[in-house]
Amino acid sequence: MPEKLRICFLINPNSGTNRRQDVPALLAQYLAAEPVDYEVRLTQYAGHAVELARQAAADGFRIVVAVGGDGTVNEVGRGLLGTQAALGILPRGSGNGLARHMRVPLALPDAIRQLVRPDFQRIDVGYINERPFFCTAGLGFDAHVSKCFALAGTRGLGTYVQVAVREYRRFQPTPISLTMQGNTQETNCYVLAFANAAQYGNNAYIAPLADISDGLLDLCLIDAMPLLRAVRVSIGLALGNLPASGQAVYHTCSQVHVQAAQALGFHVDGDYVGDAQHFDVRLEPLALEVAVPAKKVR
Ligand SMILES: Nc1ncnc2c1ncn2[C@@H]1O[C@H](COP(=O)(O)OP(=O)(O)OP(=O)(O)O)[C@@H](O)[C@H]1O
């Protein structure tokens, strides 16, 4: 008899806006008749999923599933680096950037079903000051909004937009030097995004051409944000045509150094990390395996 697929689900009970959904009950309902051995483990505090993921990989699970948003995905992915286990995603966050990029269904029953017979794809892993990221990292306004969003008390797209509009009126660009491939450029940073995946989440496409397995980061620089540009950037993010709109400058590279005139906030995968003046950003090609929906055979 073929061996059963072993899957460990790591649930962040605090993620997303729909916390009443009973994930263990859904798993029991949709996996009972499947050739799968699974376990459920709950996170108890921020950062716990890193340890739980590492332990699940050591316990021999083939897939370790982040049940949560991009913050939980980041923690589980970090724990799995260098192990034999693949990352799975049951999207339960408010943005779900990596899930959307990897075309994981957002409806939990569909996402659970596709985990039973997945394809496996290796993806690149970005690092900013040695902090891994899988979707996007960034400096400037997006990091500042992540910080304020974390303090807002409520989650979801509505709160995010409210915080972004409020902070837009206060936020000023910072002078930076940006070094890539031996060239240094002096510029201003309103937003500098390092995109491994195409979007921030919620289908806000910061780098719609980003390929998660190409060994390159897509850099998106916006040096200032007067009102008209803010409107055009918002439209470009929503329509996925920001590069063609001419409102941002793009580069692709695998290593970048940024020096800022003053401390700037930075985020990884939408979670504010802290402030720094020097940033070393790099990419490790194909460093993480991800369980993705199987391509349909026609
Ligand atoms: N048991 C827990 N108690 C408190 N915080 C937790 C717990 N488990 C995980 N966390 C933290 O919750 C944070 C938010 O989780 P996550 O990003 O998954 O959800 P979200 O913010 O609602 O979704 P999205 O990132 O898609 O907006 C994570 O950064 C993680 O560190």
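Relevant structure appears above.
Criteria and thresholds
- Residues numbered from 1 in each chain as written.
- Predicted model: local features only at pLDDT ≥ 70, side-chain atom pairs only at ≥ 80, totals over all residues.
- Near = placed C-beta within 6 Å.
- Helix = DSSP H or I, 4+ residues; strand = E, 2+ residues; numbered from the N terminus.
- Domains from an automatic or database assignment.
- Axes fitted to C-alpha atoms, helices over the stretch in contact; angles between N-to-C directions.
- Parallel < 35°, antiparallel > 145°, perpendicular 65-115°, else oblique.
- Left-handed = near helix turned anticlockwise from the far one by under 90°.
- Contact = placed C-beta atoms within 7 Å.
- Nonpolar A, V, L, I, M, F, W, Y, C, P; charged D, E, K, R; others polar.

1. Overview of the site of the ligand
Then, number 1: Around the ligand there are 25 residues in total, and Ser15, Gly68, Gly69, Gly71 and Gly93 lie nearest to it.
Then, number 2: In terms of residue count, the dominant contributor to the shell around the ligand is helix H3 (residues 70–80) (4 residues).
Then, number 3: Structurally, the shell around the ligand is a two-domain feature, drawing no fewer than three residues from each of domain 1 (5–117) and domain 2 (131–285).

2. Digging into the packing of helix H2 (residues 48–58) against H3
Then, number 1: Running from N to C, H2 and H3 point in directions that differ by 40°, and their axes come no closer than 7 Å. Relative to H3, the element H2 is oriented oblique. Judged by the twist between their axes, the crossing of H2 over H3 is right-handed. Across from Ala49, Val50, Glu51, Leu52, Ala53, Arg54 and Ala57 in H2, the residues of H3 making contact are Thr72, Glu75, Val76, Arg78, Gly79 and Leu80.
Then, number 2: Grouping the amino acids of the contact of H2 with H3 by side-chain chemistry returns 7 nonpolar, 2 polar and 4 charged.

3. Describing unusual backbone geometry
Then, number 1: Here Asn129, not a glycine, exhibits a phi torsion of approximately 45°, which is positive.
Then, number 2: Within the element layout of this structure, Asn129 appears in the loop between strand S5 (119–128) and strand S6 (131–133).
Then, number 3: Although it is not a glycine, Asn203 adopts a positive phi angle of roughly 55°.
Then, number 4: Position of Asn203 among the secondary structure elements: in the loop between strand S10 (191–195) and strand S11 (217–222).

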